[in-house]
Amino acid sequence: MTNLSDDRALVLFSAGQDSTTCLAWALERFSVVETIGYDYGQRHVIELAQRPAIREALARRFPQWSTRLQMDHTLGLSALSAISETALTRQMELTFDEDRIPNTFVPGRNIIFLTLAAAVAYRRGIKHIVAGMCETDYSGYPDCRDDTIKAMQVALNLGMDRRFVLHTPLMFIDKAGTWEMAEALGGSALVEIVRTETHSCYLGVRETLHEWGHGCGTCPACELRSAGWTRYRSRQKA
Ligand code: ZN
């Protein structure tokens, strides 16, 4: 079996708060870090536009990370928009089903993302795959749950005859904890990059910079982000 390099990581990077924090987490731990993103007809192409901006900001502000941060991969996944009738890919209103899962959810999306990331990691000789899934805030998303990720690690290792390690550093912390992790990794400079450069809003609104970042302020992603920021700030002051 070809060995995968133990000091290399591939980060699923969408330019959101979570994946940007995961990218910093990986840069602190691995000597070579590559990123991967997916273009699947997001209604807000702003996510894809912010990816290089965030990578550049991290490299500029953190010289110790700049040599570690290496290749970026973007894969087209237009088939996803063809099979999903959701607000993420079509001009539809956000709604929630009886399990409180929003119609932005593309069924099994993270399973597809992880599978493709592992295929790229296989080619690149990368052992560690880092992703921002979290079951604390979004317990409604079954493909974000820890059991799903652990099962994926087993399936990918069997199916590709390799020994990948899947890391989800945010799995059991809430959004306030994610801000705290950013602060622990890169101090107020990293918090400021996450606050001003990352994008979480479902509606793709970026005109207004709130205390917690850019966004419409009313969609579920903005509500979650702003509530997390408020808790983080009140814990700081306590
Ligand atoms: Zn929003």
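Residues numbered from 1 in each chain as written. Predicted model: local features only at pLDDT ≥ 70, side-chain atom pairs only at ≥ 80, totals over all residues. Heavy atoms only, no water.

**Some thoughts on the environment of alanine 53**
Put simply, the rule is: Helix and strand definitions follow DSSP, with helices as H or I runs of at least four residues and strands as E runs of at least two, each counted in order from the N terminus.
Within the fold, alanine 53 resides in helix 2 (residues 46-61). Spatially, the C-alpha atoms of alanine 53 and alanine 15 are 8.9 Å apart, while their sequence positions differ by 38 residues.

**Remarks on the pairing of strand 2 (residues 32-39)**
Test applied: We call a residue buried when its accessible area falls under 20% of the maximum for its residue type, exposed when it is over 50%, and partly exposed in between, using a 1.4 Å probe and counting protein chains only. Here, any two strands with at least 2 DSSP bridges between them count as paired. The definition of a right-handed crossover adopted here requires that, viewed with the strands pointing away, the path from the first strand over the helix to the second runs clockwise.
Burial analysis of strand 2 places 7 of its 8 residues in the buried class, the great majority of the element. As paired elements, strand 1 (residues 5-12) and strand 2 share 5 bridges and run parallel to each other. Residue pairing across strands places arginine 8 opposite valine 32, the latter belonging to strand 2. After leaving strand 1, the chain enters helix 1 (residues 17-29) and then returns to the sheet as strand 2, a path that is right-handed. Sheet topology note: the strand 2/strand 3 (residues 69-76) ladder contains 6 bridges and is parallel. Across the sheet, residue valine 33 finds its bridge partner in strand 3, namely leucine 69.

**Considerations on the environment of alanine 182**
In plain terms, the rule: In this analysis, two residues are considered to be in contact whenever any of their non-hydrogen atoms come within 4.5 Å of each other.
Here alanine 182 lies in helix 7 (residues 175-197). Of the residues examined, alanine 182 reaches a relative accessible area of 1% and is grouped as buried. C-alpha separation for the pair alanine 182 and threonine 21, spaced 161 residues apart in sequence, amounts to 5.7 Å. Contacts of alanine 182, omitting those with residues within four sequence positions, involve Thr21, Gly187, Leu190, Val191 and Val194.

**Concerning the coordination of the zinc ion**
Stated formally: Shown as donors are all N, O and S atoms within 2.8 Å of a metal ion, widened to 3.2 Å for Na, K and Ca; because water is not in the atom set, sites may appear incomplete. In this scheme the shape depends on donor count and angles: four donors with every angle between 85 and 135 degrees give tetrahedral, four or six donors with opposite pairs above 155 degrees and others between 65 and 115 give square planar or octahedral in turn, and any other case is irregular.
For the zinc ion, the full set of protein donor atoms is Cys201 (SG), Cys216 (SG), Cys219 (SG) and Cys222 (SG), and the range of their distances to it is 2.3 to 2.4 Å. Around the zinc ion, the 4 donor atoms are arranged such that angles at the metal cover 106 to 117 degrees; this shape is classified as tetrahedral. On the primary sequence, the residues serving as donors to the zinc ion are separated as C-x14-C-x2-C-x2-C.

**Here's the deal with the packing of aromatic side chains**
Definition in use: Between rings of Phe, Tyr and Trp, where Trp is taken as its six-membered ring, a pair exists when centres lie within 6.5 Å; planes separated by under 30 degrees are stacked, by over 60 edge-to-face, and by other angles tilted.
If you walk through the whole model with that rule in mind, you get 7 aromatic pairs. When the centroid spacing of 5.6 Å and the interplanar angle of 55 degrees are considered together, the rings of tyrosine 40 and phenylalanine 113 count as tilted. Of the two residues, tyrosine 40 sits in the loop between strand 2 and helix 2 while phenylalanine 113 sits in helix 5 (residues 109-124), which places them 73 residues apart along the sequence. No difference in accessibility class separates tyrosine 40 from phenylalanine 113, as the two residues are buried. Judged by centre distance (4.8 Å) and plane angle (80 degrees), the ring pair of tryptophan 179 and tryptophan 229 falls under edge-to-face.

**A short note on the pattern of salt bridges**
Note the cut-off: Salt bridges are identified by distance alone: a Lys or Arg side-chain nitrogen within 4 Å of an Asp or Glu carboxyl oxygen.
All chains considered together, the criterion is met by 10 salt bridges. For arginine 51, the salt bridge goes to aspartate 72, with nearest N and O atoms at 2.8 Å. Residue arginine 51 is found in helix 2, and its partner aspartate 72 is found in strand 3; the two are separated by 21 residues along the sequence. Residues joined in a network through salt bridges with shared partners are Asp174, Glu180, Arg231 and Arg235.

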